[in-house]
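Survey of secondary and tertiary structure
One letter stands for each residue in the lines below.
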Amino acid sequence: MRLKRGNLLVASFSLAGIWLFIVVFTPTPETTDKSIYHRNLLQELKAKHAQVPRSTFPLAGHEKVKMKGDRNVSDIVLVQSADNNKSNHHRNQQGKDINFDDKRIIKNRIEKNYETIHQNRTKLNQWEVDLQVLENLNKSNRYAYSRLWKEAGSWVKDNQIDPPGTPDLSSVLYAMSTAPVKKADVGFKGTQLKARLTLLGGQTVAFKPKWYDRDEVMTGTPYSGKDRHNGEIAAFHLNRVLGFHRAPLVVGRRINLKTEVLPVATETLNATFMTKDNNTCFYGKCYYCKPADPICAEGDIMEGALTLWLPPRIELKRWRHPWARTYKEGKKARWEEDDRYCGKVLYDHPIDSERLLLDIIDTAVFDYLIGNADRHMFETIKDSPDPMLLLLDNGKSFGNPYWDEGSILAPVKQCCIIRRSTWETLLQFKDVTLLSDVMRQVLSHDPIAPILNELHLQALDRRLADIFIVIEECVSKNGDAAFVRDG
């Protein structure tokens, strides 16, 4: 009996020792290969931060984050600047005596934000749209959808595609993500694969499929790769946050190709379908579309982005972008070799509207933030007395979070002007509330969220700091003339 008890004690101590060994030497979740991989990515990002030229910029004295024209003021309150900084803020508004904060402030905020991104997710802001508000919508009611499509079409004016702060935006986005597909055809003309879908109620949308996972990094030229569907979604919402309202409505959606598309597909589209490794695929019809390179669903379910097509009454005029690339290796465009190019554009280019030039400047800011170096053309509304530049085709965005393509900012650098309203909007994201914070929350409501990974969100803050540096140089050069009020 004593022998058995002794054996039992030995066995107990052995098990205890093994358990202690496992607890002490087994890696915690923070040290797994996956977390090490992401930590290494973050370290690379920090290293890139350290190589960026530093500048200083004053913290704005804004009391609240507020988007111009919105009816609901955000609950996100910025820390009020010290009283002795108020006069400095006033001088900033006048474009004089601007002193820029060390860029390390932004880098430190990025690092801190990375560690606390989940602490403020319950806080709402005025840019967010809750797509669950119409859960009880009768999905077979054609008239309910028709009313929504008609309302969205009525929003399109000479100076906007959707009105700032409209509470009905969530209704339209939800309808886009749920309305039954009544017809499917090959996509509109262009180089990239897309499908043309007609939703219940008669609304046409363009469906861009998912080609890449969220963590995929595009290498090569700044316009390499296929369109990113998640980039279209993120770009649409960033356009709202910046107060532009010049991009068509976009929402994510997962579609069953067998049950939702094939039964209503035209013969032309149907002929491009195939099965590959038990997945349903199609290659559609476009400049680069070919049977050897189809897009495949996961089984039958395909993720993508739906873009609401503009109403039939809207005719577009297509322009060659003055700052377009040559897309030829070894051959530079005129603007890449002439820093005085902006003056020649104003003289030679058929831009007869100050509004259009300022839209080009705003678009350069927008494209730099999203990493889109492929805007070689742009569209305006035909016969408009004061046309706006539409932000169409934003799929070549958010490809490489490590690369900031400075040439995108050429219009800002060479013209050295910016809308005062755009500048004031950018200032909202200088202090407690980062642009990445706002975008993270706004994008969290999309049906296929998450839309951007953390590195792309952090890149927004880094690139915004670069924009501040460029504007500082323009203010030093031109003073108050660098800021142009809306006409």
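Up top is the structure.
The structure presented is a predicted model; accordingly, all values stated were derived computationally and were not measured.

1. Notes on the state of the cysteines
What the rule picks out here adds up to four disulfides. At a sulfur-sulfur separation of 2.0 Å, the disulfide partner of C281 is C296. Taking the sign of the torsion about the S-S bond as the criterion, the disulfide between C281 and C296, at about 100 degrees, is right-handed. Residue C281 is found in strand β6 (residues 279-282), and its partner C296 is found in strand β7 (residues 295-296); the two are separated by 15 residues along the sequence. The exposure class of C281 is buried, given its relative accessible area of 0%. Taking relative accessible area as the criterion, C296 reaches 28% and is therefore assigned partly exposed. In this model C416 forms its disulfide with C474; the gap between the sulfur atoms is 2.2 Å. Torsion about the S-S bond of the C416 and C474 cystine: about -90 degrees, corresponding to left-handed handedness. Taken together, the residues C416 in the loop between α12 (410-415) and β11 (418-419) and C474 in helix α15 (residues 454-478) connect sequence positions 58 residues apart. For the residue pair C416 and C474, the accessibility class agrees, reading buried in each case. Cysteines bonded in the protein are numbered consecutively along the chain; their disulfide partners then correspond to 1-4, 2-3, 5-6, 7-8.

2. Here we look at unusual backbone geometry
Here A449 and P450 are connected by a cis peptide whose omega angle stands at 5 degrees. Looking at where P450 falls in the secondary structure, it is placed in the loop between α14 (435-443) and α15. The backbone of D383 sits at a positive phi, close to 65 degrees, despite the residue not being glycine. Residue D383 is classed as exposed on the basis of its relative accessible area, which comes to 71%.

3. Details of the side chain of D367
Secondary-structure assignment places D367 in helix α11 (residues 354-370). In this structure the side chain of D367 is engaged in a polar contact, spanning 2.7 Å, whose partner is the side chain of R375. Apart from residues no more than four positions distant in its own chain, D367 is found in contact with N372, R375 and I408.

4. What to know about the pattern of salt bridges
The tally for this structure, following the rule as stated, stands at 21 salt bridges. When the shortest N-O distance is used, the salt bridge between K210 and D213 registers 3.3 Å. Measuring nitrogen to oxygen at the nearest pair gives 2.5 Å for the salt bridge that ties E454 to R440. Of this pair, E454 sits in helix α15 while R440 sits in helix α14, placing them 14 residues apart in sequence.

Reading guide: rules and limits
- Residues numbered from 1 in each chain as written.
- Predicted model: local features only at pLDDT ≥ 70, side-chain atom pairs only at ≥ 80, totals over all residues.
- Heavy atoms only, no water.
- Disulfide = S-S within 2.5 Å.
- Helix = DSSP H or I, 4+ residues; strand = E, 2+ residues; numbered from the N terminus.
- Buried < 20%, exposed > 50% of the residue type's maximum accessible area, 1.4 Å probe, protein only.
- Polar contact = N/O pair within 3.5 Å; in protein donor to acceptor, adjacent residues only side chain to side chain.
- Contact = heavy atoms within 4.5 Å.
- Salt bridge = Lys/Arg side-chain N within 4 Å of Asp/Glu carboxyl O.

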